[in-house]
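Each chain, letter by letter, is given below.
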Amino acid sequence: GENVEQHPSTLSVQEGDSAVIKCTYSDSASNYFPWYKQELGKRPQLIIDIRSNVGEKKDQRIAVTLNKTAKHFSLHITETQPEDSAVYFCAASGVQTGANNLFFGTGTRLTVIP
Amino acid sequence: ETGVTQTPRHLVMGMTNKKSLKCEQHLGHNAMYWYKQSAKKPLELMFVYNFKEQTENNSVPSRFSPECPNSSHLFLHLHTLQPEDSALYLCASSNSGGGYTFGSGTRLTVV
């Protein structure tokens, strides 16, 4: 099955700086790569996703890049704010008809220092 | 509410008890999932249902038994659990090829 590795496990940045979280995956058939944010005591929430036919996607301060050849993808957060502090999970799946089985990384705890 | 509701939010059970977790989605999604979230581990996929048919059983011990009576409801029946089964159990739903919407989870403690 798919194996997703995520680094770093913890990340501290000053408010206003950028944060980058990197993930690698093992299954070259994977074609869908979402990122989730989980605040303390809350459910994971989808913040951005990318499909394998695209190399980069941006949504305001958040961007994701994908390198299919190297099988890695990254989350970039610019101009970080204290409310960005949370655990971020990357995931990968090979989209199948009807259901997509997501395999998650171990998470990155991001702390934005005011 | 995000459209995926899980009950109960917290559950404490003894190793000889039988209990059930419930998940309901109001989003019209066709697929539903159970995940286990433990400290310092990735979210572990347990079961997948697509149009109420089970399509994945990710080597989960038989003391966990899923049930999906229709596309909107998903249950996880628990019996003779072990302390290491204590975790946050998350339900999610999605449409074909789409991202997940997660429920708030059930925090399970096995004593």
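Residues numbered from 1 in each chain as written. Chains lettered and ligands numbered in written order. Predicted model: local features only at pLDDT ≥ 70, side-chain atom pairs only at ≥ 80, totals over all residues. Heavy atoms only, no water.

Got a minute to help me understand the environment of B:R63 in this structure?
All names here are of chain B. Tracing the backbone shows R63 in the loop between β6 (53-57) and β7 (64-70). As for R63 and H79, which are separated by 16 residues in sequence, their C-alpha atoms are 5.3 Å apart. Dropping the residues within four chain positions of it, R63 is found in contact with H77, L78, H79, T80, L81, Q82 and D85. Side chain to side chain, R63 and D85 meet in a polar contact 2.7 Å long. (Helix = DSSP H or I, 4+ residues; strand = E, 2+ residues; numbered from the N terminus. Contact = heavy atoms within 4.5 Å. Polar contact = N/O pair within 3.5 Å; in protein donor to acceptor, adjacent residues only side chain to side chain.)

Whenever I open this one, the sheet that holds strand β3 (residues 19-25) of chain A confuses me. Can you help?
Hydrogen bonding along the main chain pairs the strands of a sheet, whether they run parallel or antiparallel. Residue and element names in this part refer to chain A. Here we have five strands laid out as an open sheet, ordered β1-β3-β8-β7-β6, and antiparallel in their pairing. Whereas interior strands pair on both sides, the edge strands pair on one side only; in this sheet they are β1 (4-7) and β6 (56-59). Direction aside, the axes of adjacent strands within the sheet are offset by 15° on average. In the sheet, strand β7 (residues 62-67) pairs with strand β8 (residues 72-77) via six bridges, with the strands oriented antiparallel. Residue pairing for β8: I62 is matched across the bridge by I77. (Pairing = 2+ DSSP bridges. Axes fitted to C-alpha atoms, helices over the stretch in contact; angles between N-to-C directions.)

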